[in-house]
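Structural overview for review
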Amino acid sequence: MGYIFAFLPYIFQLLLIIHMIKRNKPFVWLWLIVFLPYIGGIVYFIMEVLPELIHSQSVSNMGSAIDGRFHPNKKIEDLERLVKRQGTISNIVQLADAYSEAGNYEKAVELYKSCLQGPYEHDGEIQFKIVNSLFRAGNIPFAQEALKIFKEHNEISNQEQAIIEILVNQDFAKLQDIFDNTSNFEVGYNLVKHYLEIEDLDKAEAIVEEMKEIRTEYPMYKSGQNATWFKLSKRLLSDAEK
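Rules behind the numbers
Residues numbered from 1 in each chain as written. Predicted model: local features only at pLDDT ≥ 70, side-chain atom pairs only at ≥ 80, totals over all residues. Heavy atoms only, no water. Phe/Tyr/Trp six-rings, centres within 6.5 Å; stacked < 30°, edge-to-face > 60°. Helix = DSSP H or I, 4+ residues; strand = E, 2+ residues; numbered from the N terminus. Buried < 20%, exposed > 50% of the residue type's maximum accessible area, 1.4 Å probe, protein only. Salt bridge = Lys/Arg side-chain N within 4 Å of Asp/Glu carboxyl O. Axes fitted to C-alpha atoms, helices over the stretch in contact; angles between N-to-C directions. Parallel < 35°, antiparallel > 145°, perpendicular 65-115°, else oblique. Left-handed = near helix turned anticlockwise from the far one by under 90°. Contact = heavy atoms within 4.5 Å. Nonpolar A, V, L, I, M, F, W, Y, C, P; charged D, E, K, R; others polar. pLDDT = per-residue confidence, 0-100. Polar contact = N/O pair within 3.5 Å; in protein donor to acceptor, adjacent residues only side chain to side chain. Patch = residues over 30% accessible without salt bridge, like charges linked within 9 Å, V, L, I, M, F, W, Y side chains within 5 Å. Areas by Shrake-Rupley, 256 points an atom, 1.4 Å probe, with all protein chains shown as cover. Lys, Arg positive; Asp, Glu negative; His and termini not counted. Charge placed at Lys NZ, Arg CZ, Asp CG, Glu CD.

Quick look at the packing of aromatic side chains now. Here the structure, examined in full by the defined rule, presents four aromatic pairs. Taking 4.8 Å as the distance between ring centres and 35 degrees as the angle between the ring planes, the aromatic pair formed by Phe185 and Tyr221 counts as tilted. Within this pair, whereas Phe185 is found in helix H11 (residues 185-197), its partner Tyr221 is found in the loop between helix H12 (201-217) and helix H13 (224-241), the two being separated by 36 residues in sequence. Accessibility assignment for this pair places Phe185 and Tyr221 in one class, buried. Plain terms: the ring middles of Tyr189 and Trp229 are 5.1 Å apart, the flat faces sit at 40 degrees to each other, and that makes the pair tilted. One end of the pair, Tyr189, is in helix H11; the other, Trp229, is in helix H13, and 40 residues separate them in sequence. On the accessibility criterion, Tyr189 (16% relative accessible area) is buried. On the basis of relative accessibility, which here comes to 18%, the residue Trp229 falls in the buried class.

Following this line, the structure appears as structure tokens:
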């Protein structure tokens, strides 16, 4: 039994490192946890893990659930109160995420930028959230500038980021390749939008027709975000044909 207790600090340290890696936290935390195992671990737990646990508990106790999800305005109000009580980077980012999900991109970008300080000055996750929010808001030149800043200290690390990068850079030839190979409906929507902007109605119709065929063959595309992107694509095409 004594051996188990002797290994507990090392197990705790390992769990913190795993948490840091899975949450894409700044690399400086690794140095603190490893080289200051007790103090660094406690600081990381207080700054990063504890706020997540508190927020998770507060969310589990919230009311106003709709279809298993909380009403966006209610969620934002709860997060605003949480940030007033505990203005940690983790809580501020969660509030910014909620603003972005609700379409309030200006507030989201403002909060994300306020987090870029100290060990988070070049945080890739937060910087790319700025890129994404600016793109969603339609501020392409600002999104392109934010992408340049992101790439000064970070690299594209997953498919979602790679697609956003292509969208921000308006590389529609690559977008067409991605749609042809992955059947990504968000990419399809952006292609339809682009082809209509350059008045190439035939290509826009071809994308929507391809979406219809995919939905027929794969029912999973008839629900969730795929259904939303398909409806938006059809609406764009319908408005253009009037």
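From this point, the narrative continues.
A word on the pattern of salt bridges. Tallied over the entire structure, the rule returns five salt bridges. One salt bridge in this structure joins Glu186 and Arg136, with 2.3 Å as the shortest N-O distance. With a gap of 50 residues between them, Glu186 in helix H11 and Arg136 in helix H7 (residues 124-136) connect regions that are remote in the sequence. With a relative accessible area of 15%, Glu186 lands in the buried category. Among the residues examined, Arg136 registers a relative accessible area of 28% and is labelled partly exposed.

Bringing the packing of helix H6 (residues 105-114) against H7 into the picture now. The relative placement of two packed helices comes down to the angle between their axes together with the axis-to-axis distance. It is the contact of H6 with H7, at a shortest axis distance of 9 Å, that shows an interaxial angle of 160 degrees. Here H6 lies roughly antiparallel to H7, going by the angle between them. Helix-helix and strand crossings are classified by hand; for H6 and H7 the assignment is left-handed. Between H6 and H7, the contacting residues are Tyr105, Ala108, Val109, Tyr112 and Lys113 on the first element and Ile126, Lys129, Ile130, Ser133, Leu134 and Arg136 on the second. In the contact of H6 with H7, the residues fall into seven nonpolar, one polar and three charged.

It is worth spelling out the confidence of the model for the chain at this point. Mean pLDDT over the chain: 83, with 84% of residues reaching 70 or higher. At the low end of the mean pLDDT range in the chain sits strand S1 (residues 65-66), at 32; at the high end sits H6, at 96. Below a pLDDT of 50 lies the segment residues 55-70, which in the model reaches 13 contacts outside its immediate sequence neighbourhood of four places, other chains included.

Attention now goes to the packing of helix H8 (residues 140-153) against helix H9 (residues 159-168). Following both chains from N to C, one finds H8 and H9 inclined at 130 degrees, their axes separated by 9 Å at the closest point. With respect to each other, H8 and H9 are oriented oblique. H8 and H9 meet at a crossing whose hand is left-handed. Residue-level contacts link Ile140, Ala143, Gln144, Leu147, Phe150 and Lys151 of H8 to Gln161, Glu165 and Val168 of H9. Looking at the contact of H8 with H9 residue by residue, the class counts come to five nonpolar, two polar and two charged.

Next up on the list: the side chain of Asn154. Along the chain, Asn154 turns up in the loop between H8 and H9. For Asn154, the side chain forms a polar contact with the main-chain oxygen of His122, separated by 3.3 Å. In terms of polar contacts, Asn154 uses its side chain to reach the side chain of Gln127, at 3.0 Å. Ignoring sequence-local partners within four residues, the contact set of Asn154 consists of His122, Asp123, Gly124 and Gln127.

Let's shift gears to a negative patch on the surface. A cluster of acidic residues, Asp177, Asp180, Asp202, Glu205, Glu209, Glu210, Glu213, Glu217 and Glu241, forms a negative patch on the protein surface. Elements with a contribution of two residues or more to the negative patch: helix H10 (172-182) and H12. Looking at which element gives the most residues to the negative patch, the answer is H12, with six residues. Position of Glu217 relative to the elements: it lies in helix H12. The class of Glu217 is exposed, set by a relative accessible area of 56%.

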